Amino acid sequence: MKKKVALLLVCSLLGCLGGSACKHAEENKKEETEELTKITLNEVAHSIFYAPQYVAIEEGYFVEEGIKLELVTGFGADKVMAAVLSEDADIGFMGSEASIYAYQQGANDKVVNFAQLTQRAGNFLVSREKMPEFQWEDLKGKDILGGRKGGMPEMVFEYILKKHGMDPDTDMNIDRSIDFGSTAAAFSGGQGEFSVEFEPSATALEKEGTGYVVASCGVESGYVPYTAYSAKESYMKENPEVIQGFTNALQKGMDYVNTHTPEEIASKIQPQFKENDLDTITTIVKRYQEQETWKENLIFEQESFELLEDILDSAGELEERVPYEELVDTGFAKEAAGK
């Protein structure tokens, strides 16, 4: 009798812990009983900036769409694009400028963008000193770590400087030789007076007292199609149901971040960022949510694509204008959004 009561108590306790455990158990069972389609996704960086994607993973949305996702971090759009072109990755997640570069270089099987995740730049300007009254003109004559030449972080930063009437080549000294994934370490090591940083690096520099966030590039540059998902045109034609399922899962993740608090989102994605404590993740999510980083849907609008080309042109990285229809397919995103 005692054993029976104990068993009932255990079952009751498990029931109270309930939703999450049961859901994961059901997902595992689904993986075991159904044949899932394996997709390799190569992401440009593993960042809280891409919260909707990690929500989709942690909530099991990809499994619900019949997809077993293998996530690989490429550490740079050039490396992600190389993986897609060589077919080491089925889908690439990176700045859309990479698809334009590949097109300009004459890629036989063009890489097409089918879903846009972020609509603002995700980087912040970090100073060595606290500057509560910071003005962009304060950068004149300063040494700045801008990120890799031709990459979105560096190009958006220079786009902002030009908006404020400054010449990036003569009004300050911008180091364009360091990949954006390595600038925080360089800054922490004493290089530069300012640095353009993603999260969680910006917050980490603040916590260690090495730097202070003085401005948001995302707010200053306006709505920019910063990161999107793309795949070879041939892969998309051969696997439309896979691309649609993938996009559906992402849309569910997007819906989640647009209807939940920073605390709820942070708690959901924490397993993806075990090196960061929950308070840090929450701070970063709140910062991104407040500046409307994430779109309501994944539709890559023509106006956004043309703004991207304006930024590339301003940076001297655009050989000629590429027609929107050549490198963007909105069909999957519209279907996922019910439009």
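Here the structure is shown first, and the text comes after it.
Right, let's walk through the structure included here. (Residues numbered from 1 in each chain as written. Predicted model: local features only at pLDDT ≥ 70, side-chain atom pairs only at ≥ 80, totals over all residues. Heavy atoms only, no water.)

### What to know about the overall build of the protein
Put simply, the test is: The way it works is that DSSP assigns letters per residue, a run of H or I at least four long becomes a helix, a run of E at least two long becomes a strand, and they are numbered from the N terminus. For the exposure calls, accessible area comes from a 1.4 Å probe over protein chains only, and a residue counts as buried if that area is under 20% of its type's maximum, exposed if over 50%, partly exposed in between. A contact between two residues is defined here by any heavy atoms of the two lying within 4.5 Å. Every accessible area reported is derived by Shrake-Rupley at a probe size of 1.4 Å, with residue values counting cover from the shown protein chains alone.
Regarding its fold elements, the protein presents 17 helices and 10 strands. By the burial criterion, 52% of the 339 residues in the protein qualify as buried. A separation threshold of at least 6 residues defines the contact pool for the protein, and within that pool the share at least 24 residues apart is 80%. When the accessible surface of the protein is split by element, carbon and sulfur atoms take 48% of a total near 15,500 Å².

### Describing empty space enclosed by the protein
Formally: Buriedness for pockets is judged along seven lines, at least five of which must meet protein on both sides within 12 Å for an open set on the 1 Å grid over protein atoms alone, while cavities are sets there where a 1.4 Å probe fits but cannot get out, and lining residues have an atom within 4 Å of a point. Grid points are joined across faces, edges and corners, and a volume is the space filled by probe spheres set on the points. Throughout, the ten residues Ala, Val, Leu, Ile, Met, Phe, Trp, Tyr, Cys and Pro are labelled nonpolar, Asp, Glu, Lys and Arg are labelled charged, and all others, Gly among them, are labelled polar.
Per the stated rule, a full pass over the model turns up 1 cavity of 30 Å³ or more. V44, E97, M152, P153 and F180 are, among the 16 residues lining the largest cavity, the residues nearest its centre. A per-element tally of the lining of the largest cavity places helix α7 (residues 152-163) first, with 3 residues. Taken together, the residues of the lining of the largest cavity sort by class into 8 nonpolar, 5 polar and 3 charged.

### Thoughts on the pairing of strand β10 (residues 227-232)
Put simply, the rule is: Pairing between two strands requires that DSSP report at least two bridges joining them.
Most of β10 is tucked away: 6 of the 6 residues are buried. Where strand β4 (residues 111-118) lies against β10, 6 bridges are found, and the strand directions are antiparallel. Across the sheet, residue Q116 finds its bridge partner in β10, namely A228.

### A few points about the pattern of salt bridges
This is how the line gets drawn: Note on definitions: salt bridges are taken to be side-chain nitrogens of Lys or Arg within 4 Å of carboxyl oxygens of Asp or Glu.
With the rule as written, the count across this model stands at 16 salt bridges. E65 is paired through a salt bridge with K252; the nearest N and O atoms lie 3.2 Å apart. Here E65, found in the loop between α4 (61-64) and β2 (67-73), pairs with K252, found in helix α12 (residues 240-257); they are 187 residues apart in sequence, far enough to count as distant. Taking relative accessible area as the criterion, K252 reaches 28% and is therefore assigned partly exposed. A salt bridge links R176 to E158, with the nearest nitrogen and oxygen atoms 2.7 Å apart. Here R176 is found in the loop between β7 (173-175) and α8 (183-188), whereas its partner E158 is found in helix α7, with 18 residues between them in sequence. R176 sits in the partly exposed class, given a relative accessible area of 24%. Each member of the salt-bridge network shares a partner with another, and the members are E154, E158, D169 and R176.

### Concerning the packing of aromatic side chains
The test is simple: Side-chain rings of Phe, Tyr and Trp, where Trp is taken by its six-membered ring, are said to pair if the distance between their centres is within 6.5 Å; with planes under 30 degrees apart they count as stacked, over 60 as edge-to-face, and otherwise as tilted. Sitting over a ring, as applied to charges here, requires NZ of Lys or CZ of Arg to be within 6 Å of the ring centre and within 35 degrees of the ring normal.
Across all of its chains, the model carries 19 aromatic pairs by this definition. Judged by centre distance (5.5 Å) and plane angle (70°), the rings of F134 and W136 are edge-to-face. The two residues F134 and W136 agree in class, both being buried. The interplanar angle of 50° and the centroid separation of 6.3 Å between the aromatic rings of F134 and F194 together place this pair among those described as tilted. Remark: F194 occurs in strand β8 (residues 194-197) and F134 occurs in the loop between β5 (124-127) and β6 (143-145); sequence separation between them is 60 residues. Across the ring face of F124, the terminal group of R287 is positioned such that the distance to the ring centre comes to 5.3 Å.

### Remarks on helix α13 (residues 262-269)
Note the threshold: Of all possible arcs, the one meant is that of the directions from the helix axis to the C-beta atoms.
For α13, the full list of buried residues reads P262, I265, A266 and I269. Looking down the long axis of α13, one finds its buried residues gathered within 100° of arc, a one-sided arrangement.

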